[in-house]
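Listed below are the residues making up each chain.
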Amino acid sequence: MMLTRVTFPSPSLLEISTFRTTNHRRRFRGGALSASAMADSSPRTVLVTGAGGRTGQIVYKKLKERPGEFVARGLVRTEESKAKIGGGDDVFVGDIRDAESIVPAVEGVDAVVILTSAVPKMKPGFDPSAGGRPEFYFEEGAFPEQVDWIGQKNQIDAGEDSAKAVGVKQIVLVGSMGGTNVNHPLNSLGNGNILVWKRKAEQYLADSGIPYTIIRAGGLQDKDGGVRELLIGKDDELLPNRNKNNS
């Protein structure tokens, strides 16, 4: 089970700036993009992928609220998602599984915040009153291997190509706790091995040569910020204490 207390006190990744990567060979899971991380007189262009998702919408909105520091861009999969977040020319439509379709969104940006993720869906017909556990599945073409590995690899590769052209200076990848445990229950959802593929993408980013931050979130919730304790660790060191932390 994921830790429920390991969550951000504010729903914005922009506020978690205490830990920041200064060298691509050092990995911090508690850092994120911030004004102090990229201090300069001119605004930095930041692309948020998965901007149509719940967390993606928050990050995109927070960036838009700070025009003196950031020029926000979003990447969504459909025109419907673009309309949902009120996006104009700064929101691109592309499929992360198609490397060529995301290149225009990445060109010329200073940083990328990767918030894309495969999403398991509950099989219809589950009756909680009857007991038992629900079963989950992934839609065709949207398995973790395709989204969390191939899709994130495409994003990292696009960032690396842009970095060589004096573009992307940092990638923030938001994943999930539990990736060090191949037997984690989340891997059994829909037989997707979602944490296995997320972990593979993390390692690919670490080996890319691009300065990076990896945030392994645990128990993100749609609740008010600033009222819950933030616990920070690395390599899932908090998971053995989950019973104590949830008490």
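Details of the structure are given in the entry above.
Here's what I pulled together on the structure shown here.

Conventions and cut-offs
Residues numbered from 1 in each chain as written. Predicted model: local features only at pLDDT ≥ 70, side-chain atom pairs only at ≥ 80, totals over all residues. Heavy atoms only, no water. Phe/Tyr/Trp six-rings, centres within 6.5 Å; stacked < 30°, edge-to-face > 60°. Helix = DSSP H or I, 4+ residues; strand = E, 2+ residues; numbered from the N terminus. Buried < 20%, exposed > 50% of the residue type's maximum accessible area, 1.4 Å probe, protein only. Right-handed = clockwise from strand over helix to strand, strands pointing away. Pairing = 2+ DSSP bridges. Expected span 1.5 Å × (residues − 1). Contact = heavy atoms within 4.5 Å. Axes fitted to C-alpha atoms, helices over the stretch in contact; angles between N-to-C directions.

**Considerations on the packing of aromatic side chains**
Applying the stated criterion across every chain, the model contains two aromatic pairs. Taking the centre distance of 5.7 Å and the plane angle of 40 degrees together, the rings of F138 and F143 count as tilted. Between W149 and Y204 the ring centres are 5.6 Å apart and the planes differ by 85 degrees, which places this aromatic pair in the edge-to-face class. Residue W149 is found in helix α4 (residues 144–164), and its partner Y204 is found in helix α5 (residues 194–206); the two are separated by 55 residues along the sequence. For Y204, a relative accessible area of 26% gives the class partly exposed.

**Re the pairing of strand β2 (residues 70–76)**
For β2, a buried count of six out of seven residues is recorded, marking the element as mostly surrounded by other parts of the structure. Remark: the strand β1 (residues 44–49)/helix α1 (residues 54–64)/β2 crossover connection has right-handed handedness. The sheet contact formed by β2 and strand β3 (residues 91–93) spans three bridges and is parallel. By the bridge assignment for β3, V76 is matched with V93.

**Some words on α4**
With 21 residues, α4 should reach 30 Å at 1.5 Å per residue; the first-to-last C-alpha distance of 28 Å fits that figure. Three or more residues of α4 are buried, namely P144, V147, D148, W149, G151, Q152, N154, Q155, I156, A158, G159 and S162. Next to the buried residues of α4 lie β1, α3 (99–106), β4 (111–114), β7 (170–176) and α5.

**What about the pairing of β7?**
Within β7, seven of the seven residues are buried, leaving the element largely enclosed by the surrounding structure. Alternating positions in β7 separate into two faces, Q170, V172, V174 and S176 on one and I171, L173 and G175 on the other, with burial throughout. With four bridges connecting them, β4 and β7 associate as parallel partners. When the bridges of β7 are listed, I114 appears paired with L173. Across six bridges, the pairing between β7 and strand β8 (residues 212–217) is parallel. Across the sheet, residue L173 finds its bridge partner in β8, namely I214. Handedness of the crossover joining β7 and β8 through α5 is recorded here as right-handed.

**Focus on the sheet that holds β1**
Strand order in the open sheet formed by six strands is β3-β2-β1-β4-β7-β8, with parallel pairing between adjacent strands. The open sheet has two edge strands, β3 and β8, and neither has a second partner. Taken over all neighbouring pairs, the strand axes of this sheet differ in orientation by 20 degrees on average, direction set aside. The sheet contact formed by β1 and β2 spans six bridges and is parallel. Looking at β2, one finds that V48 is bridged to G74. Those strands touched by α3 are β1, β2 and β3, and its axis lies near 165 degrees from that of β2.

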